[in-house]
Structures are given as structure tokens and as C-alpha cells.
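Next come the chains, spelled out residue by residue.
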Amino acid sequence: MKSIISQFFNQQPVTNTGHRDIERLIDSMKNHPAFFVWGIWTLYLGLDVLTRVTSDLSFASFRIIALNYLAGGVFHQFWFFVFLPNLLYLRKWKLISALFILLFMVFFSLKLMFLGSGITQINWQSLIIKEVVRIFQFLIYTTAFWALIEGVKREIEKNRLEADFEKLQINHLSLQLSPHFVINVISNFLAAILPLSKSLYRDISLFSNLLSYSYKDPQLPNFLHEEIVAIEEYILCQRGRFKSKLNFHISKNFNKTDCKKLPLPKWTLMNFVENMFKHGNCFSPDLPCLLSMKLAVPSTKKRFFTFTITNKIELSLSPISTKFGIDAVNRVLKYHFLDHYQIFISKSEIEFSLLIIIEYEGKFADWIT
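Just so it is clear, the structure is predicted and the values come from calculations on it, not from any experiment. (Residues numbered from 1 in each chain as written. Predicted model: local features only at pLDDT ≥ 70, side-chain atom pairs only at ≥ 80, totals over all residues. Heavy atoms only, no water.)

**As for the nonpolar core**
The nonpolar side chains of a soluble globular protein tend to be buried, and buried together.
Then step 1. Core analysis: the largest hydrophobic core is formed by 40 residues, its most contacted members being L224, I231, F248, F305 and F307.
Then step 2. Every element with two or more residues in this core is listed here: α8 (198–214), α9 (224–242), α10 (270–279), β3 (289–296), β4 (303–313), α11 (326–337) and β6 (351–360).
Then step 3. Sorting elements by how many residues they give to this core places α9 first, with seven residues.
Then step 4. When near neighbours in sequence (up to four residues on either side) are disregarded, F248 contacts I235, R239, M276, F277, C282, C289 and L291.
Then step 5. Membership of the second largest hydrophobic core comes to 20 residues, among which are L67, A71, L139 and I149. (Core = buried A, V, L, I, M, F, W, Y, C linked by side-chain atoms within 4.5 Å. Buried < 20%, exposed > 50% of the residue type's maximum accessible area, 1.4 Å probe, protein only. Helix = DSSP H or I, 4+ residues; strand = E, 2+ residues; numbered from the N terminus. Contact = heavy atoms within 4.5 Å.)

**Here's the deal with empty space enclosed by the protein**
Then step 1. Scanning the entire structure with this criterion turns up one cavity of 30 Å³ or more.
Then step 2. For the largest cavity, the calculated volume is near 40 Å³.
Then step 3. Counting residues per element, the ones that place at least two in the lining of the largest cavity are α3 (33–54) and α6 (124–174).
Then step 4. Looking at the lining of the largest cavity element by element, the count peaks at four residues for α6. (1 Å grid on protein atoms, 1.4 Å probe; cavity = no way out; pocket = protein on both sides within 12 Å on 5 of 7 lines; lining within 4 Å. Points joined across faces, edges and corners; volume = space filled by probe spheres on them.)

**What to know about the pairing of β6**
Then step 1. The buried fraction of β6 amounts to seven of the ten residues, a majority that puts the element mostly inside the structure.
Then step 2. Sheet analysis places β4 next to β6, joined by ten bridges and oriented antiparallel. The partner of I309 across the bridge, within β6, is L354.
Then step 3. As defined by bridge partners, strand β5 (residues 341–347) adjoins β6 across seven bridges and the pair is classed as antiparallel. (Pairing = 2+ DSSP bridges.)

**Some words on the side chain of E232**
Then step 1. Among the secondary structure elements, E232 is positioned in helix α9.
Then step 2. With residues up to four places along the chain from it excluded, the contact list for E232 reads K252 and K256.

**Remarks on the side chain of N68**
Then step 1. Inspection of the secondary structure puts N68 in helix α4 (residues 62–90).
Then step 2. With a relative accessible area of 14%, N68 lands in the buried category.
Then step 3. When sequence neighbours within four positions are dropped, the list of residues in contact with N68 reads W41, F107, K111, E131 and R134.

Written as C-alpha cells, this is what we have:
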């Protein structure tokens, strides 16, 4: 009894815990919605007929009943598959409203034609109101059914994404060693290398610091200073690999102290630096890779960080691989900074340039979680 009272006041909702019949019904509704739209409309007609029979009420002609049934079914199918999706998702209400009115006029004209000589005895105002109410009354149920189907689809998609995300997490963990183990082993190597080669010790130290930053949990707070240090260490590691062959120039104009409290999602800028080596040509003697980072602190409380890269495109790579992760980074920045950032892209046949401007103001100026 207590559970029933809780259910009544919506404090203890009842959910399906594994009954396949319910799951099959929901799958059928999702996969064959037109069948259910017409099925519910047919059931409505059957109830109307049953009510008239049991109440000894008169029936219209067969042609009028058939017209009401077929036209009503068409209206509800149009409402379910065309009107509601276009209105709510595509905002195309003018065209679909005109089509809906046109359908109603066709239906009304056919009904007048079937009535024949009885037209002269018709109260036009009453007839129009009755037909409009007849059509729109059941559209409420069709709208509720559409909302149910859309809710089911969204829940299924949500569950699928959650399952895929869990699989990715498991695969990710299965493909990597423990970060603590890796960093500790490298530290042991560094202790052994130091007496033998200071230059090698320095190079491995840089790589160890960069690796430690890459292992950092992306859910933890991250700041512009950390990203800049990681970029500098990354470039130094690349210089150690390629020596004088690397044609890469960095321009910096900022005080690192001013960057320590400015938030920035981890690996946001590093993504572009990595892609300069992955998709660009950083060894061209006539067109060097350029990286510029600047933090402007004007008299106002606003601070603008600008990040600019320019590199020669490696023409031997497939055009599909020259996306530079812009869409992904743009979504991340939009989530964190709303409209307090801008991205500008310029691309020719041989050169790619990108400019990111992040405005630190208000809650974005000294954000620590």
C-alpha cells in the first residue's frame, strides 16, 4: 500500500526491469511509427462506432465515414512525420503551415462534394468549427505519441553513447601502462643517466615532464601557464630529434606569472602544435613554421591571449588528414569560454594559418575550481 501511495504522488516511479514484451513493444513503436499512428486512429474510429451503436445514434454515409477516416489518418501522419519535426527541429513553420491548410481545404472540398444536395441546409460556421475541432482534437494524442517516440530515441542514443564511452575507457586503460609506473621508471633511468651524459639527462627530463602533463586528468583544473610550458618542452624535444633540419620559429610576448591563474582546457593549443608536425612541413628552408603567443594586458580588466600558427602544408599527405582538429578544439573552447574567444583560419594551396583569440574577463579572468 505504501508503494502505491508513493507511486501515486510520483515519488517512486516504476521502471521496466527486464520484461522483453515491453521492450519489444517499444522497439516496434520506434521502428514502425506509421503503423501505430494509423492503428491508434483506427482504434479511435472503432470506439466512435461502438459509442454510436450502444447509444443508438445515427451514422453518416459510408463515403463521409471513409473520408473522415482516410483524411484524418493523412492529417495525423503529416503532423507526425512532417509538421512536428520541421517545426521543432528545422523551424520551417511557414511552409508546413501552408501545406497543412492546403490539406484541410482539399479535405473540406471533398466533404462538400460528398454531401451533394445537403449543402443548402448546412450551417457553414458550425461545419467549419466542427471539422477543425475534429482534426485538431486527435492531434493532441498524435503529438503526445510523437514526444514519446522521440524520448525513446533520445534515451536509446544516450545509452548507446554511454556504452561506447565505457568501452573506449576500457580500451584506453588496456592500452596504457600506469602513469605512475612510467614516470617512476623514467626517473630511475634519469638517475642512472646523469653521471654518464648531462645532455641526454636534459632531453629525457624534458620528455618526462611532457609525458607527465599528457597523463594529467583532463577533469582537473588546467591553466594557460601549464599549456605554454608543455608546448615549449614539446618544441625542445622536437629540436633534439631533428637538430638543424627543423625550421621552426617561436615568438613569445607574455609574463608566465600572469598566465598561472588563466584557465585553459588541457591540450587545447598543443593539439595544433602537434598537427604542425603531423600535417605540415616543418623542414622547408624557404617557408618556416611560425608559432606566436602573446598575452595583452590593457588598461581595462580584460586580458587577451593570442595564439597564431603558420606552416607549410605537406602536399604528399591526403587532403582528408589536413583538418588540424579545429572542430574538436572549437567545441571545447565554446563549452568553456562561450563567446569569449574567436578562431580565424586561412588556408591556401601551400600554407595554413590559424589565429585563436581568448578573452579573459570576469569569471574567466581568475577561475580556479
